[in-house]
Amino acid sequence: MNNAIARTTALLSTCALLLTGCGGGTKTVTSTNNSPNSTTNNTATDTPATTGTSSVAIPIGIAVAQTSNVALLGQEQVAGVKLAEKYFNSKGGVNGTPIKLVFQDTSGDEAGTINAFQTLINKDKVVGIVGPTLSQQAFSADPIADRAKVPIIGPSNTAKNIPEIGDYVARVSAPVSIVAPNSVKAALKLNPQLKKVAVFYAQNDSYSKSETEIFQQTVKDQGLELVTLQKFQTSDTDFQSQATNAINLKPDLVIISGLAADGGNLIRQLRELGYKGLIVGGNGLNTSNILPVCKALCDGVLIAQAYSPEHPGEINAAFRKVYNDEYKKEPPQFSAQAFAAVQVYVEALQALDKKNKVNKLQLAELRTELNKQILAGTYNTPLGEISFTPIGEVVQKDFYVAQIKMAKDGSQGKFTFIK
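Residues numbered from 1 in each chain as written. Predicted model: local features only at pLDDT ≥ 70, side-chain atom pairs only at ≥ 80, totals over all residues. Heavy atoms only, no water.

Engineer: What is the right way to look at the packing of aromatic side chains in this model?
Structural biologist: Aromatic rings considered in pairs are described by the distance between their centres and by the relative angle of their planes. For the coordinates displayed, the defined rule picks out ten aromatic pairs. Between Tyr323 and Tyr327, the aromatic rings sit 4.8 Å apart at their centres with planes inclined by 50°, giving tilted as the arrangement. Residue Tyr323 and its partner Tyr327 are both found in helix H11 (residues 314-327); the two are separated by four residues, about one turn of the helix. Judged by its relative accessible area of 17%, Tyr327 is buried. (Phe/Tyr/Trp six-rings, centres within 6.5 Å; stacked < 30°, edge-to-face > 60°. Helix = DSSP H or I, 4+ residues; strand = E, 2+ residues; numbered from the N terminus. Buried < 20%, exposed > 50% of the residue type's maximum accessible area, 1.4 Å probe, protein only.)

Okay, here's the thing in structure tokens:
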């Protein structure tokens, strides 16, 4: 692995000129809108089932939520993978062969994810898949890929036991057990007088249920008092009852495990009902797409991070620059993790190709050998240096906590990293 990085200025000019469409039996419809949620490439390839890469480009599947309430997260993942496609193809792809991302929309549920996975595996003949967006979806769809012996790299699946789903399942998203406690500890540094804690979580989401267990254990480990546990659904919009019940118990800290839309609405209603204490959000709220939901009332929310735009390293500097140029804001964690997932595939394919030309391998053999190479590699990504345990768990060194800072009128905001 450890692909050498060219000078940033040369990279940016190359990326700007790069054409993402590649021929060789592939038909793609691509929007030219710059919005990350406006591009959906439902690409059908002519790659035979018995051949790894008979077409010009090597197909890598992207199965994330481009529609539904989960699209607030999936949009950022689409942005990250598309920048990765441009970047690595500008560097020569896989030893001269370009990659081609094949998109399938999982929507926000298990059925959509299963359908997307089956299409990518059986129709699009991809060598591996980046996805899905939610842990809930991974528990349903990853076993299908594992049985088909197709590598999966989860870009944002942080629930407990994701890598244990199967031998072909890995993730670049650090588990919630490592990341989540950092935000509670940061809250205690900001206010050492914290005592009473109210916890909210989405009971219909596997990730949120997994994360809230970690939060509750952290509350206990830090000697804090859990005064109430309030449940909701990710589809809920009215949180008046749960918020009122919690506020009546006068908590000093509120912890929320949910997604961007429901979590943002819950924050807004807590503030509107008079709660003035600190709020910690889980990984599902870790997106700038939450800012239009709670606007000025998002101010002060703490969220633990597995990525910082300020992380040192040449590839992160290049990624940050092209993201800023494209979207006029700092790259979020979900985009960085999605970029890193594509990077892992590219660099594993590069290493494998040097041993045995990938375009000479049968598709089944290519998928199997690629999975082995993924787990064997070390990758210098925008997240920092990462590698994998034998079961596919990511090994990552650096983590952060950010606090949302909003303009008074709620028109704009940003994630400010706590030193």
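There is more to say after this.
Engineer: Would you explain the packing of helix H12 (residues 333-355) against helix H13 (residues 363-376) in this entry?
Structural biologist: The relative placement of two packed helices is expressed as an angle between their axes plus a distance between the axes. Relative orientation of the contacting elements H12 and H13 amounts to 110°, with a least axis distance of 9 Å. With respect to H13, the element H12 is oriented roughly perpendicular. Here H12 runs over H13; the crossing is right-handed. Contacts between H12 and H13 involve Val344, Tyr345, Ala348, Leu349, Ala351, Leu352 and Lys355 on the former and, on the latter, Leu366, Glu369, Leu370, Gln373 and Ile374. Per-class residue counts for the contact of H12 with H13 are nine nonpolar, one polar and two charged. (Axes fitted to C-alpha atoms, helices over the stretch in contact; angles between N-to-C directions. Parallel < 35°, antiparallel > 145°, perpendicular 65-115°, else oblique. Left-handed = near helix turned anticlockwise from the far one by under 90°. Contact = heavy atoms within 4.5 Å. Nonpolar A, V, L, I, M, F, W, Y, C, P; charged D, E, K, R; others polar.)

Engineer: What exactly am I supposed to notice about the pairing of strand E4 (residues 99-105) here?
Structural biologist: Each regular strand shows side chains that alternate between the opposite faces of the sheet. With six of seven residues buried, E4 lies mostly within the body of the structure. What joins strand E3 (residues 58-64) to E4 is helix H2 (residues 71-90), and the crossover it makes is right-handed. (Right-handed = clockwise from strand over helix to strand, strands pointing away.)

Engineer: Help me understand the sheet that holds strand E12 (residues 302-305), please; the structure alone is not making it clear to me.
Structural biologist: Strands pair in a sheet through their backbones, by hydrogen bonds, and they do so in one of two ways: parallel or antiparallel. Read across the open sheet, the seven strands follow the order E9-E8-E10-E11-E12-E16-E17; overall the sheet is mixed. A strand with exactly one partner marks an edge of an open sheet, and here the two such strands are strand E9 (225-232) and strand E17 (413-417). Strand after strand, the sheet turns through a mean of 25° between neighbouring axes, direction not considered. Examined bridge by bridge, strand E10 (residues 253-257) and strand E11 (residues 278-281) share four bridges and lie parallel to one another. Its bridge partner lying in E11, Leu253 is registered against Leu278. (Pairing = 2+ DSSP bridges.)

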